Amino acid sequence: MVFSAPAPDAAPSNGQAQPSSHQASPQLWLYDTTLRDGAQSEGLSFSIEDKLRIARKLDRLRIPFIEGGWPGANPKDVQFFWQLQEEPLEFSEVVAFCSTRRPDMSAEEDPLLKPILAAGTRWVAIFGKSWDLHVTEGLKTTLDENIAMIRDSIAFLISQGRQVIYDAEHWFDGYLANPDYAIATLKAAHEAGAAWLALCDTNGGTLPHEVARIVAEVREWLPAAQLGIHTHNDSGTAVANAIAAVQGGARMVQGTINGYGERCGNANLCTLIPNLQLKLGLNCIPAAQLAELTATSRFVSELANLAPDDRAPYVGLSAFAHKGGIHVSAVERNPQTYEHIAPDRVGNQRRIVISDQSGLSNVLVKARSFGLDLDKQDPACRQILQTLKTLENQGYQFEAAEASFDLLMRTALGQRSSFFVLKDCRVHYDFGEPSDRESLATVKVTVGDRTLLEVAEGNGPVAAMDAALRRALVQFYPVVAQFHLTDYKVRILDGGAGTSAKTRVLVESSDGHQRWTTVGVSGNILEASYQAVVEAIEYGLILHGIQTLQPLPLPLEV
Ligand SMILES: CC(=O)SCCNC(=O)CCNC(=O)[C@H](O)C(C)(C)COP(=O)(O)OP(=O)(O)OC[C@H]1O[C@@H](n2cnc3c(N)ncnc32)[C@H](O)[C@@H]1OP(=O)(O)O
Ligand SMILES: CC(=O)C(=O)O
């Protein structure tokens, strides 16, 4: 089968349709290498199932090229391409990756080039050496043989009906070291018929001004070639370098979701795509797909089993989080005051964070999100703010414990009811034989006019206390059986105070559908845990719309 090379500014060979509004601006071809270069990231290992799921997600994002792996390098990548032959992607071209042939053998004979053909893709990417140092020191061959390796490998793959993307490895270092030789390698790839020449900053050491200059010079050397850019983040400038290359005329941009990649990672497509599309007016993906970017980023981090980067531009949890009272007040009037784009364009959300940096505006917005109607003039509003600041000064942190903040607001508004009163709680820990080291908790709880005494064991004092409390309360509120503790975090607030240091405990709870977090602070870790656990159960009951069995005389004392 023979496939035609894309004409400059034409769609890839799958004829990917774009909405007409998308056609007006210059087109950029995105090339995702999460599944190949991203998989070279330390601490990351995708299963074949993960790879297939990510490929389909990127396909839905309408990324034109998805580099799937190096078939022949490992069985997983071989299988990945087989499976995609069975069930092809809808929009994206999947690309098989490989090196040029080995020195002193023909491309037909090279055992590494055979699997790339067996992968059955229309597009293949091969990387070759641009830097003379790599030829003589890495490959241990001659400069002429390296050029022959590049030319032969591309010509062979094209003779087999493939379209070739040539990755010029160490392009920028090679060009700086020996420009004539580097250009000769690129010319060989171009003359052999490579559809794209991707200039790689493999070591990630180049800065944007050098990238811009070198890309402009390459365009003068090879005006008819379609250039791509592949950058690494070793200098923290992978995204800036890719943008510099695009401004210099590169039309293919390679990168990975969340910037995963060898060493410090690759150019982060989750940053690059919105920058290119929203700031520079270049078409990358349709607007509807751009709104899937945040979900895609989180999906890939979930499969990579790596915690998402909250501070990631555009897609991070904090990318549109407003904490300072001045910011929140202004954002409420006009979001543009503190947001460079509307978060929904990339599928993210504005968040208002509650803390001692808050003003009345933060309180109002948070109250609204909890369904509480407050007015800035309402004295309760200022009381909430005051209480918040006082408690934060004592070590509470409501930013991550919004359930406790909701309870605090209800208290100030006289809308907090008591579901139960904990009359007594005793915890016993036995330091006997290691195998017998269980904790035992006894609680005495009053609900309405009934008082219950319950006992429970746990592998630690908090677990025992939590179990005893639930055992008592489930008799009045059966929904409590659905609640469970999903996370428990302890932070020592003034470590210098030794064993009498103040402790902050954050408890995350779930009912299987929703999660909520509560906080407790005390010089006694059990007391802090007790506060957080009691509020967790109370809040779970509120979330389930349970009516209280007895009123509580408040307000809360600080
Ligand atoms: C810049 C990049 O990210 S390139 C991609 C890097 N990714 C990977 O290396 C991941 C997948 N790699 C692998 O599974 C293995 O390294 C394989 C299967 C490719 C090769 O394994 P081995 O045959 O055991 O070789 P090994 O890894 O020890 O060394 C690499 C070989 O490739 C050769 N090589 C390196 N670059 C090229 C190139 N562009 N063209 C041809 N050969 C090359 C080296 O000279 C070396 O050859 P040698 O074995 O004759 O000394
Ligand atoms: C090809 C490639 O991944 C690089 O040069 O970084």
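Residues numbered from 1 in each chain as written. Chains lettered and ligands numbered in written order. Predicted model: local features only at pLDDT ≥ 70, side-chain atom pairs only at ≥ 80, totals over all residues. Heavy atoms only, no water.

With that settled, consider the overall build of the protein. Scanning the protein for helices and strands turns up 19 helices and 16 strands. Taking the principal axes of the C-alpha coordinates as reference, the protein spans close to 90 × 60 × 45 Å. Looking at the protein as a whole, 53% of its 558 residues are labelled buried. The contacts in the protein between residues at least 6 apart in sequence include a share of 68% that link residues at least 24 apart. Surface exposure of the protein reaches about 24500 Å², of which carbon and sulfur atoms provide 49%. Taken as two groups, the 48 positive and 65 negative side-chain charges of the protein have centres that lie 5 Å from each other. (Helix = DSSP H or I, 4+ residues; strand = E, 2+ residues; numbered from the N terminus. Buried < 20%, exposed > 50% of the residue type's maximum accessible area, 1.4 Å probe, protein only. Contact = heavy atoms within 4.5 Å. Areas by Shrake-Rupley, 256 points an atom, 1.4 Å probe, with all protein chains shown as cover. Lys, Arg positive; Asp, Glu negative; His and termini not counted. Charge placed at Lys NZ, Arg CZ, Asp CG, Glu CD.)

Formed by 99 residues in total, the largest nonpolar core has its most connected members in Tyr166 and Trp171. Once residues within four sequence positions are removed from consideration, Tyr166 is found in contact with Ile126, Phe127, Gly128, Lys129, Ile150, Ile154, Leu186, Ala189, Ala194, Trp196, Leu197 and Ala198. (Core = buried A, V, L, I, M, F, W, Y, C linked by side-chain atoms within 4.5 Å.)

UniProt records the feature "domain: Pyruvate carboxyltransferase" (unreviewed entry) for residues 28-291 in the present numbering. Measuring from the first to the last C-alpha atom of residues 28-291 gives 18 Å, for a span that is 44% helix and 17% strand. (UniProt positions renumbered as here; feature names shortened; annotations may be inferred.)

Okay, the sheet that holds strand β12 (residues 439-447) next. Spatial ordering of the open sheet is given by β11-β12-β13, a layout of three strands whose pairing is antiparallel. Unpaired on one side and paired on the other, β11 (421-429) and β13 (450-458) mark the two borders of the sheet. Within this sheet the neighbouring strands show an average axis-to-axis angle of 15°, counted without direction. With eight bridges connecting them, β11 and β12 associate as antiparallel partners. Across the sheet, Tyr429 pairs through a bridge with Ser439, a residue of β12. (Pairing = 2+ DSSP bridges. Axes fitted to C-alpha atoms, helices over the stretch in contact; angles between N-to-C directions.)

Bringing the packing of aromatic side chains into the picture now. This structure, assessed with the given rule, holds 11 aromatic pairs. With a centroid separation of 5.6 Å and 75° between ring planes, the pair formed by Trp70 and Phe97 is classed as edge-to-face. Here Trp70, found in the loop between β2 (65-69) and α3 (75-86), pairs with Phe97, found in strand β3 (residues 93-99); they are 27 residues apart in sequence, far enough to count as distant. Note on accessibility: Trp70 and Phe97 belong to one class, buried. Each ring, one from Phe97 and one from Phe127, has its centre 5.4 Å from the other, and the planes form 10°; the classification is stacked. (Phe/Tyr/Trp six-rings, centres within 6.5 Å; stacked < 30°, edge-to-face > 60°.)

Attention now goes to the site of ligand 1. Residues in contact with ligand 1 amount to 17 residues; listed here are only the nearest, Arg36, Gln40, Thr100, Phe127 and Lys129. Here Arg36 contributes a side-chain N or O atom positioned 3.2 Å from an oxygen atom of ligand 1. Taking 1000 Å² as the accessible area of ligand 1 by itself, protein coverage stands at 55%. Listed by contribution, the elements that provide at least two residues to the shell around ligand 1 are β3, β4 (123-129) and α5 (132-139). Of the residues forming the shell around ligand 1, the biggest block, three residues, is contributed by β4. Split by residue class, the shell around ligand 1 holds six nonpolar, six polar and five charged. (Near = heavy atom within 4 Å. Polar contact = N/O pair within 3.5 Å; in protein donor to acceptor, adjacent residues only side chain to side chain. Nonpolar A, V, L, I, M, F, W, Y, C, P; charged D, E, K, R; others polar.)

All right, on to the site of ligand 2 then. Near ligand 2 the following residues occur: Arg36, Asp37, Asp167, Glu169, Cys200, Thr202, His230 and His232. Here His230 contributes a side-chain N or O atom positioned 3.0 Å from an oxygen atom of ligand 2. The separation between an oxygen atom of ligand 2 and a polar side-chain atom of His232 is 3.1 Å. Its free accessible area being 210 Å², ligand 2 has 94% of it covered by the protein chains. In the shell around ligand 2, the residues fall into one nonpolar, three polar and four charged.

Bringing the pattern of salt bridges into the picture now. Tallied over the full model, the rule gives 20 salt bridges. Taken together, the shared-partner salt bridges in this structure form one network comprising Arg36, Asp37 and Glu67. (Salt bridge = Lys/Arg side-chain N within 4 Å of Asp/Glu carboxyl O.)

Right, let's get into a nonpolar patch on the surface. Together, Val490, Ile492 and Ile525 make up an exposed nonpolar region whose accessible area comes to about 230 Å². Its location among the elements puts Ile492 in strand β14 (residues 484-492). (Patch = residues over 30% accessible without salt bridge, like charges linked within 9 Å, V, L, I, M, F, W, Y side chains within 5 Å.)

Attention shifts here to the side chain of Asn348. Mapped onto the elements, Asn348 comes out in the loop between α14 (325-333) and β10 (351-352). Given the relative accessible area of 8%, Asn348 is considered buried. Only 2.8 Å separates the side chain of Asn348 from the backbone oxygen of Tyr314, close enough to count as a polar contact. Once residues lying within four places of it in the same chain are set aside, the contact partners of Asn348 are Thr294, Arg298, Tyr314, Val315, Gly316, Ala319, Phe320 and Pro343.

Right, let's get into the pairing of β12. Pairing analysis gives nine bridges linking β12 to β13, with the strands arranged antiparallel. Counterpart to Lys444 in the pairing with β13 is Leu453. Joining the antiparallel neighbours β12 and β13 is a turn of two residues, in which Gly448 adopts a positive phi near 60°.

Right, let's talk about the environment of Gln377 for a bit. Within the secondary structure, Gln377 is located in the loop between α15 (360-369) and α16 (379-394). Along the primary structure Gln377 and Leu360 are separated by 17 residues, whereas in three dimensions their C-alpha atoms are 9.5 Å apart.

A few words on the sheet that holds β2. With parallel pairing, the eight strands of this closed barrel are ordered in space as β1-β2-β3-β4-β5-β6-β7-β8. Strand-to-strand twist of the sheet, defined as the mean angle between neighbouring strand axes without regard to direction, takes the value 25°. Where strand β5 (residues 163-169) lies against strand β6 (residues 196-201), four bridges are found, and the strand directions are parallel. When the sheet's bridge partners are listed, Ile165 is paired in β6 with Trp196. Sheet strands in contact with helix α6 (residues 143-159) are β4 and β5, and its direction is about 175° off that of β4.

So, on to the packing of helix α9 (residues 208-221) against helix α10 (residues 238-247). Where α9 meets α10, the axes come as close as 8 Å, and the angle between the chain directions of the two elements is 25°. Classified by the interaxial angle, the pair formed by α9 and α10 is roughly parallel. Every pair of crossing elements has a handedness; the one defined by α9 and α10 is right-handed. Residues Pro208, Val211, Ala212 and Val215 of α9 form the contact with α10, whose participating residues are Ala240, Asn241, Ala244 and Ala245. (Parallel < 35°, antiparallel > 145°, perpendicular 65-115°, else oblique. Left-handed = near helix turned anticlockwise from the far one by under 90°.)

Structurally, Ile542 is set in helix α19 (residues 525-543). Taking the C-alpha atoms as reference, Ile542 lies 62 Å from Arg213; in sequence the two are 329 residues apart. With near-sequence residues (within four places) excluded, Ile542 lies in contact with Leu407, Arg410 and Phe419.

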